[in-house]
Amino acid sequence: MNRFWLVTGGVLVLALAFLALETPSEQINFTDLETECRYDRTTGFDISLKPGNVLAFSGHYPVNNTEADLSYRYSRSGDTIKLDIIAKNETQAPANYFNSCLASVVYKAQTSSIPDGRYDVILKHDGQRVEHQVIGIK
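Below or above, wherever it landed, is the structure these notes cover. Since the model is a prediction, treat every value here as computed from it, not as a measurement.

1. Here we look at the pairing of strand β3 (residues 54–62)
Move 1: The buried fraction of β3 amounts to 7 of the 9 residues, a majority that puts the element mostly inside the structure.
Move 2: Here strand β2 (residues 44–50) pairs with β3 via 7 bridges, running antiparallel. Opposite G44, over in β3, you have H60 as the bridge partner.
Move 3: The hairpin formed by β2 and β3 contains 3 residues between the paired strands, and G52 there has a positive phi angle of roughly 85°.
Move 4: Here β3 runs beside strand β6 (residues 102–111); their pairing, made up of 7 bridges, is antiparallel. Each bridged residue has a counterpart across the sheet, and for P62 the counterpart in β6 is S104.

2. A short note on the environment of I86
Move 1: Looking at the element boundaries, I86 is found in strand β5 (residues 80–88).
Move 2: We classify I86 as buried; its relative accessible area is 9%.
Move 3: For the pair I86 and D69, spaced 17 residues apart in the sequence, the C-alpha separation amounts to 8.1 Å.
Move 4: When near neighbours in sequence (up to four residues on either side) are disregarded, I86 contacts Y61, D69, L70, S71, Y72, R73 and D126.

3. Considering the pattern of salt bridges
Move 1: Per the stated rule, a full pass over the model turns up 2 salt bridges.
Move 2: The residue E36 makes a salt bridge to R38 at a minimum N-O spacing of 3.2 Å.
Move 3: Here E36 falls in the partly exposed class, since its relative accessible area comes to 26%.
Move 4: By relative accessible area, R38 is classed as partly exposed at 22%.
Move 5: For the salt bridge of D84 with R73, the shortest nitrogen-to-oxygen distance reads 3.7 Å. Here the residue D84 occupies a position in strand β5, and R73 occupies one in strand β4 (residues 69–77), the gap between them amounting to 11 residues.

4. Here we look at the sheet that holds strand β7 (residues 117–125)
Move 1: Pairing within the open sheet is mixed, and its 4 strands lie in the order β4-β5-β7-β8. On the outer flanks of this sheet lie β4 and β8 (128–137), each paired with one strand and no other. Between one strand axis and the next, the sheet turns through 15° on average, direction left out of account.
Move 2: The pairing of β5 with β7 spans 6 bridges and is parallel. Counterpart to T80 in the pairing with β7 is D120.

5. So, the side chain of T80
Move 1: Along the polypeptide, T80 turns up in strand β5.
Move 2: Taking the relative accessible area as the measure of exposure, T80 reaches 19% and is therefore buried.
Move 3: A polar contact of 3.5 Å, which involves the side chain of T80, links it to the side chain of D79.
Move 4: Once residues within four sequence positions are removed from consideration, T80 is found in contact with S75, Y119, D120 and I122.

What counts as what
- Residues numbered from 1 in each chain as written.
- Predicted model: local features only at pLDDT ≥ 70, side-chain atom pairs only at ≥ 80, totals over all residues.
- Heavy atoms only, no water.
- Buried < 20%, exposed > 50% of the residue type's maximum accessible area, 1.4 Å probe, protein only.
- Helix = DSSP H or I, 4+ residues; strand = E, 2+ residues; numbered from the N terminus.
- Pairing = 2+ DSSP bridges.
- Contact = heavy atoms within 4.5 Å.
- Salt bridge = Lys/Arg side-chain N within 4 Å of Asp/Glu carboxyl O.
- Axes fitted to C-alpha atoms, helices over the stretch in contact; angles between N-to-C directions.
- Polar contact = N/O pair within 3.5 Å; in protein donor to acceptor, adjacent residues only side chain to side chain.

Next up, the structure:
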């Protein structure tokens, strides 16, 4: 029984060591992530590099309802950066909107500082790729 606890303790120590060595997760901060009425149902987006090696994402795209639940997935793995803006539970809009409101997701976000390098930057709306850029940071 002592061997069991010795092996279990060793596995636990190794797992904690790997967690401690793992690089901190990348951050992205949103200043705007909402749905609103827009009377043009176009899709627009922008990816730009800001001072301090910060990537900025902004855009809008049509959805069925201004009450859609919004979330996102962001990751930086090696030389790939991905942002997916997700609208869920979007049922058809109520019939009582004034002036036929056409709903759009609107977002603005910035990453934390990114190390120098060359990155594939992929932007998705509801899982569909809308932009792929190669961005070099010096």
